[in-house]
Amino acid sequence: MEVDKGKGEAEETRKVAEADRDTVTLKSSDGKLFEVSKEAAARLSTVLAGMIAGGSIDDNGTDLKQIGSEALENVVDYCNKHANSIPSAALISSSISFNTAPFKEPEEWERKFVDRLSHDALFDLVEAANFLGMERLLDVTCHKISEMMKGKSPDQIREVFNIKNDYTKEELEEIRQELAWAFYDD
Amino acid sequence: MAATLDGWKCLPTVLLRSVIRRVPCEADRASVALVCRSWRAAFATPPGEAPLLLPPQLPWLLRPLPGGPA
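Residues numbered from 1 in each chain as written. Chains lettered and ligands numbered in written order. Predicted model: local features only at pLDDT ≥ 70, side-chain atom pairs only at ≥ 80, totals over all residues. Heavy atoms only, no water.

1. Remarks on the pattern of salt bridges
All names here are of chain B.
Okay, step 1: For the coordinates displayed, the defined rule picks out 12 salt bridges over all chains.
Okay, step 2: With its nearest N and O atoms 3.0 Å apart, the salt bridge here joins Glu49 to Arg17. Of this pair, Glu49 sits in the segment after α4 (37-41) while Arg17 sits in helix α2 (residues 13-20), placing them 32 residues apart in sequence.
Okay, step 3: On the accessibility criterion, Arg17 (3% relative accessible area) is buried.
Okay, step 4: Each of Arg17, Arg21 and Glu49 takes part in a single network of salt bridges with overlapping partners. (Salt bridge = Lys/Arg side-chain N within 4 Å of Asp/Glu carboxyl O. Helix = DSSP H or I, 4+ residues; strand = E, 2+ residues; numbered from the N terminus. Buried < 20%, exposed > 50% of the residue type's maximum accessible area, 1.4 Å probe, protein only.)

Here's what the structure looks like:
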């Protein structure tokens with residue numbers, strides 16, 4: 001920084017520097033750049049928290065080669081929505097492994113956030129959340145996917161998720177009998 | 001994107017298990033196992049984890065009726 005800068009200009013520089021410190025720039029696999037609140041990124045993603053703490057954040061865009069721009073936009077959107085909200089007790093305690101922690105019900109805005117996604121976008125977002133170690137976002141996305149399964153027959157689930165039945169008729173019957181105890185009436 | 005290449009059939013097992021744990025009803029879980037081979041494979045219990053299709057999640061009397069609400 002030059003010492004002979006005008007006061008206004010110096011103020012501007014300071015503001016820019018301050019803004020830089022508050023956000024992190026992330027780069028998707030297809031080269032798009034996204035700004036995310038540093039505080040929220042560190043709070044919501046163990047991977048980003050590690051990169052920020054370890055100084056491996058690139059001001060010109062930290063490469064996240066595994067994440068496409070649509071998924072990264074959703075990740076960043078999710079973080080930034082959290083940035084302005086006071087962390088609830090549920091979020092603070094979410095540092096426990098998501099494999100063992102009791103599930104926290106998604107909040108209303110989180111439900112809406114995932115409800116508007118296409119199935120492809122939801123798939124990419126759950127993978128991105130997993131890659132970035134975002135346990136709360138994993139909670140929310142896995143909850144949404146589980147809602148898409150509940151109360152449906154295997155055929156209906158296949159239809160929802162566009163999956164082909166790769167069992168033979170005999171195998172299907174065998175497994176059905178194995179699991180007969182789980183069905184009320186089949 | 002992954003979703004359009006492989007589809008939900010190839011959702012990583014760790015994520016699928018995480019999803020299934022949020023499905024409380026045994027009949028629903030059994031339906032998930034019947035979807036395809038790779039989804040059934042997610043029901044194999046890794047060491048240190050609770051099985052997905054054994055613990056009674058709901059009392060018998062609370063099981064869903066066929067054709068009733070989910």
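2. Concerning helix α3 (residues 26-33) of chain B
Okay, step 1: Burial within α3(B) is extensive, with 8 of its 8 residues counted as buried.
Okay, step 2: Listed as buried for α3(B) are B:Glu26, B:Ala27, B:Asp28, B:Arg29, B:Ala30, B:Ser31, B:Val32 and B:Ala33.
Okay, step 3: Contacts from the buried residues of α3(B) go to α9 (154-161) of chain A together with α2 and α4 of chain B. (Contact = heavy atoms within 4.5 Å.)

3. What about the packing of helix α4 (residues 69-83) of chain A against helix α6 (residues 108-115) of chain A?
Residue and element names in this part refer to chain A.
Okay, step 1: Interaxial distance between α4 and α6 falls to 12 Å at its minimum, and their mutual angle equals 165 degrees. When the interaxial angle is binned, α4 and α6 end up roughly antiparallel. In this structure, the crossing between α4 and α6 has a hand that is right-handed. Along its contact with α4, which presents Asn74, Asp77, Tyr78, Lys81 and His82, the element α6 presents Trp109, Glu110 and Phe113.
Okay, step 2: When its residues are assigned to classes, the contact of α4 with α6 shows 3 nonpolar, 2 polar and 3 charged. (Axes fitted to C-alpha atoms, helices over the stretch in contact; angles between N-to-C directions. Parallel < 35°, antiparallel > 145°, perpendicular 65-115°, else oblique. Left-handed = near helix turned anticlockwise from the far one by under 90°. Nonpolar A, V, L, I, M, F, W, Y, C, P; charged D, E, K, R; others polar.)

4. Some details on the environment of A:Gly133
All names here are of chain A.
Okay, step 1: Tracing the sequence through the fold places Gly133 in the loop between α7 (119-131) and α8 (135-147).
Okay, step 2: A C-alpha to C-alpha distance of 9.5 Å links Gly133 and Ala49, two positions 84 residues apart in sequence.
Okay, step 3: Those residues in contact with Gly133, other than ones at most four positions away along the chain, are Leu44, Ser45, Thr46 and Val47.

5. Some words on the environment of A:Ile175
Okay, step 1: With respect to the secondary-structure elements, A:Ile175 resides in helix α10 (residues 169-178).
Okay, step 2: Residue classification places A:Ile175 among the buried positions, given a relative accessible area of 8%.
Okay, step 3: Those residues in contact with A:Ile175 that lie beyond four places of it in its chain are A:Tyr167, B:Leu34 and B:Arg40.

6. As for the nonpolar core
Okay, step 1: In this structure, A:Val75, A:Met134, A:Met149, A:Phe161, B:Trp8 and B:Trp39 are the most contacted members of the largest nonpolar core, which totals 65 residues.
Okay, step 2: Among the elements that make up this core, the one with the highest residue count is α7(A) (7 residues).
Okay, step 3: Taken domain by domain, the makeup of this core includes at least three residues from each of domain 1 (7-148) and domain 2 (153-186) of chain A. (Core = buried A, V, L, I, M, F, W, Y, C linked by side-chain atoms within 4.5 Å. Domains from an automatic or database assignment.)

7. Here we look at the UniProt feature "domain: SKP1 component dimerisation" (unreviewed entry) in chain A
Okay, step 1: In the numbering used here, UniProt assigns the "domain: SKP1 component dimerisation" (unreviewed entry) feature to residues 136-182 of chain A.
Okay, step 2: The span residues 136-182 of chain A is 64% helix and 0% strand, and its two end C-alpha atoms sit 30 Å from each other. (UniProt positions renumbered as here; feature names shortened; annotations may be inferred.)

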